[in-house]
Amino acid sequence: MSALVNLSIDGHVAIIELNRPEKLNAMTPEMADLLIAAVEQCNADARVRAVILTGAGPKAFCAGSDITELDRYATPWDFRNRLDYCDCVRMLKKPTVAAINGYTFGGGLEMALACDIRIASDNARLGAPEIKLGWIGGGGMTAQLVHAIGPSNAALMVLTGDPIRAEQALAWGLVSEVVPQEQLRERAQALAATIASRAPIAAETARVNLRAALSMPLEKAVEYERDLQAICFATADAKEGRKAFEEKRAPKFERR
């Protein structure tokens, strides 16, 4: 991959790293194209069972779109129809951990929200600052924040544009853990490795089910979950899991 977006695979864990630290990993259209390519590669690679998304350097996960690049779009409609980097994170089929270091603003926060699990370093600052520049987020900011932290807290972030600290994000449930900055990558890798050790078809199915649960009425969500459970139950991995339980050993999952 280009140096602007690094993709590495270690065992069953992929790491996608935004690599423009001198600009707080702010996204350009070129970086968006590279991120889409990295996502497509992770989806297509059977070795990959979990993905970590993070930013290079100690200062930022991602400060959102590079503002100086936005005038490249000829019209607001062209801007609206661009290939959006937040959308491509939601396209990931594998369970995803956001390792949030430093500034996580605008589209950076939207990318983190698109991940399944969010872990923050103690220097993280998370914000939706678009209103300070005259617009609002367009990569799922409001909908995802409302689901994650409730309407009042979401309104506080979106209407003021002011960032919150990692400890506040943890208290609101916006992130699952806060760790010292120097331990962030290690903790994210440990968590991703744990997820990658589980039955991969079940893990991918659980991810689909978690997202469906946000948009379905309860009865339909339970019905859908039961259907997905039946699909997983029919896999060779599920059979292996039952056999390993009986034999009191660790299962060997093969994504079958």
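The residue numbering used here restarts from 1 in each chain and proceeds along that chain's sequence as written. The predicted nature of this model means local features are confined to residues of pLDDT at least 70 and side-chain atom pairs, given and counted, to a pLDDT of 80 or more, with totals for whole chains, interfaces and linings taken over all residues. To get the side-chain values, take all heavy atoms of the structure and skip hydrogens and water.

### Details of the layout of surface pockets
To keep it simple, the criterion reads: Using protein atoms alone on a 1 Å grid, points that fit a 1.4 Å probe yet trap it form a cavity, whereas open point sets bounded by protein on both sides within 12 Å along at least five of seven lines form a pocket; residues with an atom within 4 Å of a point count as lining. Grid points are joined across faces, edges and corners, and a volume is the space filled by probe spheres set on the points. Labels follow the DSSP assignment, with helices taken as runs of H or I lasting at least four residues and strands as runs of E lasting at least two, numbered in each case from the N terminus. Residue polarity follows a fixed list, in which Ala, Val, Leu, Ile, Met, Phe, Trp, Tyr, Cys and Pro are nonpolar, Asp, Glu, Lys and Arg are charged, and the others, Gly among them, are polar.
Taken as a whole, the largest pocket encloses approximately 590 Å³ of empty space. Ser65, Phe79, Arg82, Glu130 and Trp135 are, among the 26 residues lining the largest pocket, the residues nearest its centre. Within the residue set of the lining of the largest pocket, elements represented by two or more residues are helix 2 (76-80), helix 3 (85-90) and helix 4 (107-114). Sort the elements by how many residues they give to the lining of the largest pocket and helix 3 lands first, with three residues. Residue composition of the lining of the largest pocket, grouped by class: 12 nonpolar, seven polar and seven charged. Of the voids in this model, the second largest pocket is the one considered here, and its volume is about 470 Å³.

### Some thoughts on the state of the cysteines
Spelled out, the test is: Here, two cysteine sulfur atoms that lie within 2.5 Å of each other are counted as a disulfide. Exposure categories follow from relative accessible area, calculated using a 1.4 Å probe and restricted to protein chains: below 20% of the type maximum is buried, above 50% is exposed, and the middle band is partly exposed.
This structure, assessed with the given rule, holds zero disulfides. With no disulfide of its own, Cys115 lies closest to Cys88 among cysteine sulfurs, the gap being 10.0 Å. For Cys115, a relative accessible area of 3% corresponds to the buried category.

### Notes on the packing of helix 4 against helix 5 (residues 141-149)
Which entries qualify depends on this criterion: Lines are fitted to the C-alpha atoms to define the axes, a helix being fitted only along its stretch in contact, and any angle between axes, read from their N-to-C directions, falls within 0 to 180 degrees. In this scheme, roughly parallel covers angles under 35 degrees and roughly antiparallel covers those over 145, while 65 to 115 is roughly perpendicular and the rest are oblique. Handedness of each helix crossing follows the sense of rotation of the near helix against the far helix: counterclockwise by less than a right angle gives left-handed, clockwise gives right-handed. Contacts are assigned to residue pairs with any non-hydrogen atoms lying within 4.5 Å of each other.
In contact at an axis separation of 10 Å, helix 4 and helix 5 are set at 50° when each is read in the N-to-C sense. Put simply, helix 4 runs oblique to helix 5. Crossing hand, helix 4 versus helix 5: left-handed. Contact with helix 4, carried on its side by Leu109, Glu110, Leu113 and Ala114, involves Met141, Gln144, Leu145 and Ala148 of helix 5 and no other residues of that element.

### Some words on the side chain of Glu130
The topology assignment puts Glu130 in the loop between strand 8 (125-127) and helix 5. Setting aside residues up to four positions removed in sequence, Glu130 forms contacts with Gly106, Gly107, Trp135, Ile136, Gly137 and Met141.

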